[in-house]
Amino acid sequence: MSRLRVTPTRGQGRDRLYVTLRDGTTVAWYDKDIGRVSVLSGAGREEVLSALAPYLTGEVAVGPPRVPTQADLDRLSLHPDDDLAPNRPGEALHAELDALGDAGSDRSSGSGRLSGSGRLSESGRSSGASSSLLRRRWQHRDPRQAELLAQETVGDRLDRLEDAGWRVLHSIPLPGAAHIDHLAIGPAGVLAVRTLPARKRRVAVTDPLVRVGRAAPAPHLRWARRAAERASRALAAEVRPVLAVVEPVRLDALPAPRDIRILRDTEIAALASLGGVLKPADIESLYATARDRHSWLSV
């Protein structure tokens, strides 16, 4: 029995058949309208064509995923509300914490607000010592503060890659209230980066689980792969998952998974030395598609 499955979908005016492994990982797709089979690297070409054989009609082109052309880009007319480029690292967390800070401000009868970074505004410094203490305790307890700081750290390091020809987006919203923390497009390819806060804690990786300190293990590698899978569908391009671990005291990830890159936040700068996958024109084309909110609505 074939290890591949074929699933039909229709979105953005296109009829497409996705070829996936049993765990849902996409390895190829068939665009019926243009008669093209796009095969991701590492997938067996003959096995893919065998799985698609009952659905193929006429002659089809077979090859790596097609990069958007200039004509594709000319059709993109982004309204500011649809442009994801201005998103800050942790944009969704900023909104959540701002809303929570507003609610706390209302309850404290005029005491200062918390900004998106978790710091007190100038108006709050003159409020009573008791309310200030309560807000500091809340900041310490809410794990979203640590997550936001981690995303800002990783986002800042990724943004520094732009001098090496990379383009970066942050906090990409997906259907179902999910987000891709960071998407980096550069000479080394397209990377979907998941951030893991681990300041002064030990991190142990046992695929697909990751344990941070004494917390219960969580399937961070599965979530990172899923984000890359959805990005691959949105961009019709190969996307590699990355787990960026922020400030761990120790990182144990052996044996290292072959399909996902695990690195410390301090190792992000090394991506600047990698290349050989995308040309500058390809990078700009994919970035133009990725920054459009509509590209992500059906993944």
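Just so it is clear, the structure is predicted and the values come from calculations on it, not from any experiment. (Residues numbered from 1 in each chain as written. Predicted model: local features only at pLDDT ≥ 70, side-chain atom pairs only at ≥ 80, totals over all residues. Heavy atoms only, no water.)

1. Regarding the overall build of the protein chain
Alright, step 1. Across its full length, the protein chain holds seven helices and 13 strands.
Alright, step 2. Expressed as a percentage of the 299 residues in the protein chain, the buried residues total 42%.
Alright, step 3. Pairs at least 24 apart in sequence give 56% of the contacts found in the protein chain among residues at least 6 apart.
Alright, step 4. Approximately 16000 Å² of the protein chain is accessible, and the part contributed by carbon and sulfur atoms is 51%. (Helix = DSSP H or I, 4+ residues; strand = E, 2+ residues; numbered from the N terminus. Buried < 20%, exposed > 50% of the residue type's maximum accessible area, 1.4 Å probe, protein only. Contact = heavy atoms within 4.5 Å. Areas by Shrake-Rupley, 256 points an atom, 1.4 Å probe, with all protein chains shown as cover.)

2. Looking at the pattern of salt bridges
Alright, step 1. Throughout the structure, instances matching the rule amount to 14 salt bridges.
Alright, step 2. Taking the shortest distance from any N to any O, the salt bridge between arginine 167 and glutamate 284 comes out at 3.3 Å. With arginine 167 in strand E6 (residues 167-174) and glutamate 284 in helix H7 (residues 280-290), this residue pair connects regions lying 117 residues apart in the sequence.
Alright, step 3. Accessibility expressed as a relative area gives 25% for arginine 167, which makes it partly exposed. (Salt bridge = Lys/Arg side-chain N within 4 Å of Asp/Glu carboxyl O.)

3. Some details on the sheet that holds strand E7 (residues 178-186)
Alright, step 1. The mixed open sheet is built from five strands, whose spatial order is E6-E7-E8-E11-E13. Looking along the sheet, the strands with just one partner apiece sit at the ends: E6 and strand E13 (261-264). Across the sheet, the axes of successive neighbouring strands diverge by a mean angle of 30 degrees, strand direction being ignored.
Alright, step 2. Sheet topology places strand E8 (residues 189-197) next to strand E11 (residues 239-246); eight bridges connect them, and they run parallel. Looking at E11, one finds that leucine 191 is bridged to arginine 240.
Alright, step 3. Here helix H5 (residues 143-159) sits on the sheet in contact with E6, E7, E8 and E11, set at roughly 150 degrees to E8. (Pairing = 2+ DSSP bridges. Axes fitted to C-alpha atoms, helices over the stretch in contact; angles between N-to-C directions.)

None of the figures reported here should be taken as evidence of function without further support.
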